[in-house]
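# Understanding the architecture of this molecule
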Amino acid sequence: MTALFKQPINNQLFIPFITAGDPNSEATIDLALALQEAGASAIELGIPYSDPVADGPVIQKASSRSLKNGMNIVKAIKLVPEMRKKGLNIPIILFTYYNPVLQLDQESFFALLRENAIDGLLIPDIPFEESEELREKCKEYSIAFISLVAPTSSSRIKMIAEAAEGFIYCVSSLGVTGVRKNFDDSIASFLEEVRKHSKVPVAVGFGVSSREQVEQLAHMCDGVVVGSALVREIERLQPSLIDEYTRRDAVEEFKNFARTFVSQ
């Protein structure tokens, strides 16, 4: 099993998502460092894609902004060494759809992951049953393949959870990512079933958007994945993040916002 977290997990995991190249490459690097300072356990670095089927409108708009800036999967992967040079030392999980991987071809893709120190891989549009080749390739390159499991997975929960690496990403509700006010009443039993079979940390995502929700989930799981709420904040701060003279203050404001999702 490929480990993602090198140290024992003592606190709740905070795994933020940002889109590479939103609002630009320089800001992406600074935002990643700010998330580390805010207490992030790892970062999901999203590859912008024109047809992001699992993403809601907030992240779709971030992908569109990034693509207009010329970002692509190769450029995004090559941002990671720049982050490392500036002091980033937490794991980076690449979040991408399968089509950009196919366009590169798998050998070139995995060579890039290894050359640029990517720690984990998450591909939401590949069903677990069709992921064996990718999972084997990840093992070969010592990359944690992050599996998604949803409440509708039902009889598949045991199979997915037992094979999980790094952490298992539990989808809080059906549909696409996005800010939500409430979780379904069945989430507690769903997470209990996943934890029963998982040997890796159990993290909840798809809709975690407030401090109150983090606290609500704390006793049910090992951590949270936060995407849309953070990406929406980046969109709000976009003009200041793009301007090199105002970026520092904007990044500090973003960092303070991100801290609200860190379990105390």
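Fair warning: this is a prediction, and the values are worked out from it, not measured in the lab.

Note on placement: Ser240 falls in helix H11 (residues 228-242). Taking C-alpha positions, Ser240 is 21 Å from Gly46, a pair spaced 194 residues apart along the chain. With residues near it in sequence (within four places) discarded, Ser240 still touches Thr246, Arg247 and Ala250.

With that out of the way, let us pick up the pairing of strand S8 (residues 202-205). Here S8 shows no split at all, with Val202 and Val204 on one side and Ala203 and Gly205 on the other all buried. Examined bridge by bridge, strand S7 (residues 168-171) and S8 share four bridges and lie parallel to one another. Bridging across to S8, Val171 finds its partner in Gly205. Sheet topology note: the S8/strand S9 (residues 223-226) ladder contains two bridges and is parallel. In the sheet register, Ala203 faces S9, and the bridge partner there is Gly223. The β-α-β motif built from S8, the intervening helix H10 (residues 211-217) and the parallel element S9 has right-handed crossover chirality.

Turning our eyes to something else, we now look at the packing of aromatic side chains. All chains considered together, the criterion is met by nine aromatic pairs. Between the aromatic rings of Tyr49 and Tyr97, the centroid separation amounts to 5.3 Å while the plane-to-plane angle is 25°, which identifies the pairing as stacked. With Tyr49 in the loop between strand S2 (43-46) and helix H2 (57-68) and Tyr97 in the loop between strand S3 (92-95) and helix H5 (98-104), this pair connects stretches of sequence that are 48 residues apart. Classification of Tyr49 by relative accessible area gives buried; the value is 18%. Judged by its relative accessible area of 1%, Tyr97 falls in the buried class. An aromatic cluster is present here, built from Phe17, Tyr49, Phe95 and Tyr97 joined pairwise through their rings. Seen from the ring of Phe128, Arg135 lies directly overhead, with NZ or CZ sitting 4.2 Å from the centre.

Cut-offs applied
Residues numbered from 1 in each chain as written. Predicted model: local features only at pLDDT ≥ 70, side-chain atom pairs only at ≥ 80, totals over all residues. Heavy atoms only, no water. Helix = DSSP H or I, 4+ residues; strand = E, 2+ residues; numbered from the N terminus. Contact = heavy atoms within 4.5 Å. Buried < 20%, exposed > 50% of the residue type's maximum accessible area, 1.4 Å probe, protein only. Pairing = 2+ DSSP bridges. Right-handed = clockwise from strand over helix to strand, strands pointing away. Phe/Tyr/Trp six-rings, centres within 6.5 Å; stacked < 30°, edge-to-face > 60°. Lys NZ or Arg CZ within 6 Å of the ring centre and 35° of its normal.

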